[in-house]
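Topology and contacts: notes
So you can see what is in the structure, the chains are spelled out below.
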Amino acid sequence: MLSDISGLTSITQGLNVPNTTLTMLAYRNASTLKTLKINISVEEDWLDLIFGDANVLAVYADLVSLTLEISEESYSVLWTTIDNVEPFPALARLDVHGGYPFDDDMLFRGNGNTLQSLRLPFGVVADNVLGRFDVLRRSGITRMNSVHIGKIAEIDDVFVAANAGLPIEKQMHRILEVTSSLVLLNDTTDLHLYHSLLSAPNTVILQHLEFCNLVFNVTNIFQVVSALPSLSSFKCRINCHAPEIVLIPVSERPSTLYDKFHPLSHNFRTLVALDNESDSAKGLAHVAMLLAIVCPSLRTVEVPPIVRNEFSREIAWSMLNATYKPYTDRLNGLIYWD
């Protein structure tokens, strides 16, 4: 039988393999598995994974990567929790999709020194995990390479998250203190998370930030870079219209912003503009130039391929203009040279 095979180091669930077969196979290979990707549909699947059919606890001592696909039908009911159990002590990567079916920090116990990458739906972060249990602090996690906060299935989750025991702002600050890379995939909660970033404490270590859906103008980008002193790269959708900037006469914008903000950051090096239908090559070029003027280390601005030629022509033309000519040494590196 498939479930009797031993000595496996990796298991990934196939489309036609029953959950029970895979959970029992994983249980019997707990001592050798290094990667596991499995579907969990009901509480019995989880109990099989941890206790098998002999009701004996399994410890996945060498498992470094765990991906759980939790069905939406199952996680509406909180599952049985098991006290004083650390089933995944060596975990380096944890991906949870669908929902988090526990009422405690079950998946995070014992791996505070090893966990490097965490991917969770937003409702998980705000309500079940961080909100009531402050799991990052309790588990002893001190440093992670990346955190991905994913989309949520229902708008009601946003309400639950906003009313969790620990305010979202505090949860975000804790994430920023332990991770160097943060990717936010939410459609409806990004604005709230953005405001949390702006009030981040000076203990943050975040270097790479990506908002997949929220749109930023140049003023917003200035605020993010200023609030996160360690930030090296920022990926987002860009709106080239910024009301605060428009009020400054065009001929005075570079010098005014330089005098007010320079140096905005010595660490900020890369801006990546995600595809956005409202972007114009000319507008993106001026956003890039204004950032380069106030951020002395900015050397790369990535824009969609379709606008690169026009983007480069606008920067090259601007460097001939008296308004931008004093900053030629900073702007020249932004051009895409064929």
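Note: the structure precedes this text.
One structure accompanies this document, and this report is about it. (Residues numbered from 1 in each chain as written. Predicted model: local features only at pLDDT ≥ 70, side-chain atom pairs only at ≥ 80, totals over all residues. Heavy atoms only, no water.)

**Digging into the overall build of the protein chain**
- Counting its regular elements, the protein chain contains 13 helices and 11 strands.
- A total of 338 residues make up the protein chain; the buried ones form 53% of that total.
- Taking as baseline every contact in the protein chain between residues at least 6 positions apart, the subset at least 24 positions apart corresponds to 75%.
- Accessible area of the protein chain: about 15,400 Å², with a carbon and sulfur share of 52%. (Helix = DSSP H or I, 4+ residues; strand = E, 2+ residues; numbered from the N terminus. Buried < 20%, exposed > 50% of the residue type's maximum accessible area, 1.4 Å probe, protein only. Contact = heavy atoms within 4.5 Å. Areas by Shrake-Rupley, 256 points an atom, 1.4 Å probe, with all protein chains shown as cover.)

**Notes on the pattern of salt bridges**
- What the rule picks out here adds up to four salt bridges.
- Residues R93 and D95 are paired through a salt bridge, measuring 3.0 Å at the closest nitrogen-oxygen approach.
- With a closest N to O distance of 3.9 Å, D95 and R119 form a salt bridge. Here D95 is found in strand β4 (residues 93-97), whereas its partner R119 is found in strand β5 (residues 117-121), with 24 residues between them in sequence.
- Given the relative accessible area of 5%, D95 is considered buried.
- Note on R119: relative accessible area 24%, which makes it partly exposed. (Salt bridge = Lys/Arg side-chain N within 4 Å of Asp/Glu carboxyl O.)

**With respect to helix α11 (residues 281-294)**
- In this model α11 runs 20 Å from its N-terminal to its C-terminal C-alpha over 14 residues, within 8% of the 20 Å that 1.5 Å per residue would give.
- Burial within α11 is extensive, with 12 of its 14 residues counted as buried. (Expected span 1.5 Å × (residues − 1).)

**Re the environment of L291**
- By secondary structure assignment, the location of L291 is in helix α11.
- Put simply, L291 and T219 are 72 residues apart on the chain and 9.8 Å apart in space, counted from C-alpha to C-alpha.
- Ignoring sequence-local partners within four residues, the contact set of L291 consists of I221, F222, L271 and L298.

**Structural notes on the pairing of strand β3 (residues 65-70)**
- Burial of β3 is extensive: five of the six residues sit out of reach of the surface.
- With six bridges joining them, strand β2 (residues 35-40) and β3 adopt parallel strand pairing. Its bridge partner being in β3, T35 is matched across the sheet by S65.
- In this region the chain leaves β2, passes through helix α2 (residues 43-51) and returns to the parallel neighbour β3; the handedness of that crossover is right-handed.
- Alignment of β3 against β4, held across five bridges, turns out to be parallel. What sits directly across from L66, in β4, is L94. (Pairing = 2+ DSSP bridges. Right-handed = clockwise from strand over helix to strand, strands pointing away.)

**Quick look at the nonpolar core**
- Residues Y60, L107, L182, L209, I221, F234 and L331 are the most contacted members of the largest nonpolar core, which totals 91 residues.
- Take this core: its biggest share by element is 11 residues, from α11.
- Those residues in contact with L182 that lie beyond four places of it in its chain are V147, I149, M172, I175, L176, L206, H208, L209 and E210. (Core = buried A, V, L, I, M, F, W, Y, C linked by side-chain atoms within 4.5 Å.)

**Points about unusual backbone geometry**
- For the peptide bond that leads from H262 to P263, omega is -5°, which places it in the cis range.
- With respect to the element layout, P263 can be found in the loop between α10 (253-261) and β10 (270-273).

**Topic: the packing of aromatic side chains**
- Across all of its chains, the model carries eight aromatic pairs by this definition.
- Here the aromatic rings of F216 and F234 are separated by 5.1 Å at their centres, their planes lie at 85°, and the arrangement is edge-to-face. With a gap of 18 residues between them, F216 in strand β8 (residues 208-216) and F234 in strand β9 (residues 233-238) connect regions that are remote in the sequence. The exposure classification of F216 matches that of F234, with both residues buried.
- Where F311 meets Y336, the ring centres are 6.1 Å apart and the plane angle is 70°; that geometry is what we call edge-to-face. With F311 in helix α12 (residues 308-318) and Y336 in the segment after α13 (328-331), this pair connects stretches of sequence that are 25 residues apart. (Phe/Tyr/Trp six-rings, centres within 6.5 Å; stacked < 30°, edge-to-face > 60°.)

**Some points on the environment of L94**
- Here L94 is to be found in strand β4.
- Once residues lying within four places of it in the same chain are set aside, the contact partners of L94 are L66, L107, F108, L115, S117, L118 and R119.

**Observations regarding the environment of C212**
- Inspection of the secondary structure puts C212 in strand β8.
- It is 9.9 Å that separates the C-alpha atoms of C212 and D275, two residues lying 63 residues apart in sequence.
- Each residue touching C212, except ones within four places of it in the same chain, is listed here: V183, L184, L185, R237 and L274.

**Here we look at the packing of helix α8 (residues 218-227) against α11**
- For the pair α8 and α11, interaxial distance at closest approach is 10 Å and the crossing angle is 30°. By the angle between their directions, the pair α8 and α11 is classed as roughly parallel. The hand of the α8/α11 crossing is right-handed. Contacts between α8 and α11 involve V218, I221 and F222 from the first element and V287, L290, L291 and V294 from the second.
- For the contact of α8 with α11, the per-class residue count stands at seven nonpolar, no polar and no charged. (Axes fitted to C-alpha atoms, helices over the stretch in contact; angles between N-to-C directions. Parallel < 35°, antiparallel > 145°, perpendicular 65-115°, else oblique. Left-handed = near helix turned anticlockwise from the far one by under 90°. Nonpolar A, V, L, I, M, F, W, Y, C, P; charged D, E, K, R; others polar.)

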